[in-house]
Amino acid sequence: KAVDDVSLNIRQGQTLGVVGESGSGKSLTALAIAGLLPRGVDARGAVEFNGTNLLDLSPRAMRGVRAKEIGFVFQDPLAALNPTMTVGAQVGEARRGRFAGESRRDRRGGVIEALESVQVPDPDLRADQYPHEFSGGMRQRAMIAMAMVAKPELLIADEPTTALDVTTQAQVLGLMRNLQSQTG
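On a predicted model such as this, the values are computed, not experimentally measured, just so you know.

Caption draft 1: Fine view of the overall build of the protein. Counting its regular elements, the protein contains eight helices and four strands. Listing every helix and strand of the protein by position from the N terminus yields α-β-β-α-β-α-α-α-α-α-β-α. In terms of overall dimensions, the protein is globule-like: its C-alpha atoms have a radius of gyration of 16 Å, near the 16 Å expected for 184 residues. Based on the C-alpha atoms only, the size of the protein along its principal axes is roughly 45 × 40 × 30 Å. Within the protein, the proportion of its 184 residues that are buried is 36%. Within the protein, one finds 21 positive and 21 negative side-chain charges whose respective centroids are separated by 5 Å.

In structure tokens:
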């Protein structure tokens with residue numbers, strides 16, 4: 001067992017940090033909550049969110065929860081972002097889960113707004129760029145924008161400042177604190 005007997009409780013507006021040594025199961029715990037465990041790895045017990053045990057949901061139903069209610073910021077944005085799609089297209093796909101019927105124009109506006117909210121400079125231009133054209137800190141901001149664009153109730157961030165310099169780490173953490181205070 002990678003992780004055994006974990007119990008976490010978080011309320012709206014709270015921040016919870018999980019601390020442990022490398023290999024202790026922090027990332028697997030986060031992935032289990034979001035229903036993103038790799039094949040061959042499974043979670044047992046209960047992951048209760050808004051009165052529903054997420055472990056009882058079908059993969060399709062869990063995708064719906066992730067699309068609308070749970071945002072996830074991956075540890076390595078370069079690996080998580082699709083190199084063949086523009087950043088704006090990827091943020092737009094994340095938005096589509098919550099706002100399925102909106103027009104392309106409205107979706108584009110939502111993408112620009114999401115990039116602005118994470119302090120991406122010149123978001124209209126940057127939305128048409130590819131991940132390799134962003135710095136590490138900018139890629140992490142794009143990941144946060146993707147996670148927040150659907151206005152989720154819960155944001156899970158798996159070591160969101162890994163591989164960033166100290167100044168950029170402080171900026172990303174400050175950005176996340178600001179988004180939390182703005183959105184609850």
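Caption draft 2: Geometry of the environment of Ser181. Assignment of secondary structure puts Ser181 in helix α8 (residues 166-183). Spatially, the C-alpha atoms of Ser181 and Gly13 are 7.4 Å apart, while their sequence positions differ by 168 residues. At 2.9 Å, the side chain of Ser181 and the backbone oxygen of Asn178 are in polar contact.

Caption draft 3: Expanded view of the nonpolar core. Counting residues in hydrophobic clusters, the biggest one holds 25 residues, and the most contacted among them are Val87, Val91, Leu115, Val118, Ile144, Ala145 and Leu179. Within the residue set of this core, elements represented by two or more residues are α4 (87-96), α5 (104-117), α7 (136-148) and α8. Considering each element in turn, this core owes the most residues, seven residues, to α7. For Val118, the residues in contact, after removing those within four places along its chain, are Arg141, Ile144, Ala145, Leu175 and Leu179. Counting twelve residues, the second-largest nonpolar core is a separate cluster that includes Ala34, Leu54, Phe72 and Ile156.

Caption draft 4: Broad picture of α7. In this model α7 runs 18 Å from its N-terminal to its C-terminal C-alpha over 13 residues, within 8% of the 18 Å that 1.5 Å per residue would give. Judged by how many residues are buried, α7 sits mostly within the fold: eleven of 13 residues are covered. Residues of α7 that are buried: Gly137, Met138, Arg139, Gln140, Arg141, Ala142, Met143, Ile144, Ala145, Ala147 and Met148.

Caption draft 5: The arrangement of the packing of α4 against α5 in detail. Between α4 and α5, whose axes approach to 9 Å, the crossing angle comes to 110°. Accordingly, the angle class assigned to the pair α4 and α5 is roughly perpendicular. In this structure, α4 contributes Val87, Gly88, Val91, Gly92, Arg95 and Arg96 to the contact, and α5 contributes Asp106, Arg107, Gly110, Val111, Ala114 and Leu115. Classifying every residue of the contact of α4 with α5 by side-chain character gives five nonpolar, three polar and four charged.

Caption draft 6: Region of interest: the packing of aromatic side chains. Under the defined criterion, the tally for this structure stands at one aromatic pair. Between Phe72 and Phe74, the aromatic rings sit 4.6 Å apart at their centres with planes inclined by 55°, giving tilted as the arrangement. The exposure class of Phe72 is buried, given its relative accessible area of 9%. In this structure, Arg95 is placed above the aromatic ring of Phe99, and the distance from its NZ or CZ to the ring centre is 4.1 Å. Above the face of the Phe134 ring, Arg126 is positioned so that its terminal group lies 4.5 Å from the ring centre.

Rules of the game
Residues numbered from 1 in each chain as written. Predicted model: local features only at pLDDT ≥ 70, side-chain atom pairs only at ≥ 80, totals over all residues. Heavy atoms only, no water. Helix = DSSP H or I, 4+ residues; strand = E, 2+ residues; numbered from the N terminus. Rg over C-alpha atoms; globule rule 2.2 N^0.38 Å. Buried < 20%, exposed > 50% of the residue type's maximum accessible area, 1.4 Å probe, protein only. Lys, Arg positive; Asp, Glu negative; His and termini not counted. Charge placed at Lys NZ, Arg CZ, Asp CG, Glu CD. Polar contact = N/O pair within 3.5 Å; in protein donor to acceptor, adjacent residues only side chain to side chain. Core = buried A, V, L, I, M, F, W, Y, C linked by side-chain atoms within 4.5 Å. Contact = heavy atoms within 4.5 Å. Expected span 1.5 Å × (residues − 1). Axes fitted to C-alpha atoms, helices over the stretch in contact; angles between N-to-C directions. Parallel < 35°, antiparallel > 145°, perpendicular 65-115°, else oblique. Nonpolar A, V, L, I, M, F, W, Y, C, P; charged D, E, K, R; others polar. Phe/Tyr/Trp six-rings, centres within 6.5 Å; stacked < 30°, edge-to-face > 60°. Lys NZ or Arg CZ within 6 Å of the ring centre and 35° of its normal.

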